[in-house]
Amino acid sequence: MRIKVTQELNKEYYNEYYSEWLEFRSKFKKWENLIGFTSIIASLIIYFVDKSLTFISVGLLVFGTLMVYDFYSSKSKWLKGRLNSKMADTEVTLIFEEDKIQTIGPFTETNGKWSFFSDAVETEKGLILIPENGISIYLQKKSFEEKADVVAIVRKIKKN
């Protein structure tokens, strides 16, 4: 096995990474806007049904507005942080071999073992490699020469 993947770290990559992470890895964030809009609607219903519950209505309205704001602003802040980093507009190459994984980037070169990854998740547009809970590495499927390579990497990681 020798699978070489060169991943460009540009704005398109980071946008795709965030949306795939949101759908496949996020536990709470993906529901934040739905919870926020539901809270806003509930606050309006409560307000118009029973004006004596204005305090609860205002509380739900503030809570919902903050949830919706956080949902949309967090992506913007995350993306801005990535695009302002030294890694923006660079390339990283990962070489998956039978007994090791090699990483070549603009600032470092590493050799690692397959056991470094605890899990892998194939998404519609890419592959999320998970070294440990809370950390992930995203590779776009279009960076792979063969689509079957994605499945081979997932199998190898899950086997270990």
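The structure we're discussing is the one just above.
The following paragraphs examine the structure supplied in this document.

Thresholds applied
Residues numbered from 1 in each chain as written. Predicted model: local features only at pLDDT ≥ 70, side-chain atom pairs only at ≥ 80, totals over all residues. Heavy atoms only, no water. 1 Å grid on protein atoms, 1.4 Å probe; cavity = no way out; pocket = protein on both sides within 12 Å on 5 of 7 lines; lining within 4 Å. Points joined across faces, edges and corners; volume = space filled by probe spheres on them. Helix = DSSP H or I, 4+ residues; strand = E, 2+ residues; numbered from the N terminus. Nonpolar A, V, L, I, M, F, W, Y, C, P; charged D, E, K, R; others polar. Contact = heavy atoms within 4.5 Å. Expected span 1.5 Å × (residues − 1). Buried < 20%, exposed > 50% of the residue type's maximum accessible area, 1.4 Å probe, protein only. Arc of directions from axis to C-beta. Pairing = 2+ DSSP bridges.

1. As for the layout of surface pockets
Working step 1: Looking at the largest pocket, its volume works out to about 400 Å³.
Working step 2: Lining the largest pocket are 20 residues, and of these Val92, Leu94, Thr103, Ser136 and Ile137 sit closest to its centre.
Working step 3: For the lining of the largest pocket, the secondary-structure elements that each account for two or more residues are strand S1 (2-9), helix H1 (11-24), strand S2 (90-97), strand S3 (101-104), strand S4 (109-112) and strand S7 (137-140).
Working step 4: In the lining of the largest pocket, the residues fall into 14 nonpolar, 5 polar and 1 charged.

2. Some points on the environment of threonine 103
Working step 1: Mapped onto the secondary structure, threonine 103 falls in strand S3.
Working step 2: On a C-alpha basis, the gap between threonine 103 and glutamate 91 in space is 11 Å, while along the polypeptide they are 12 residues apart.
Working step 3: If near-sequence neighbours (up to four positions away) are discounted, threonine 103 is found in contact with Val92, Thr93, Leu94, Thr108, Glu109 and Thr110.

3. Brief notes about helix H2 (residues 29-49)
Working step 1: The end-to-end C-alpha distance of H2 is 31 Å, a good match for the 30 Å that 21 residues give at a rise of 1.5 Å each.
Working step 2: Looking at H2, one finds that the buried residues are Lys29, Glu32, Asn33, Gly36, Ser39, Ile40 and Ser43. For H2, the angular spread of the buried residues around the axis is 125 degrees, confining them to a single face. Exposed side chains of H2 directed beyond 90 degrees from the buried face belong to Ile45, Phe48 and Val49.
Working step 3: As for H2, its buried residues are in contact with H1 and helix H3 (54-83).

4. Quick look at the pairing of S1
Working step 1: Of the two faces of S1, the one lined by Ile3, Val5, Gln7 and Leu9 is fully buried and the one lined by Arg2, Lys4, Thr6 and Glu8 carries no buried residue.
Working step 2: Bridge count between S1 and S2: 8 bridges; the pairing is antiparallel. Its bridge partner lying in S2, valine 5 is registered against leucine 94.

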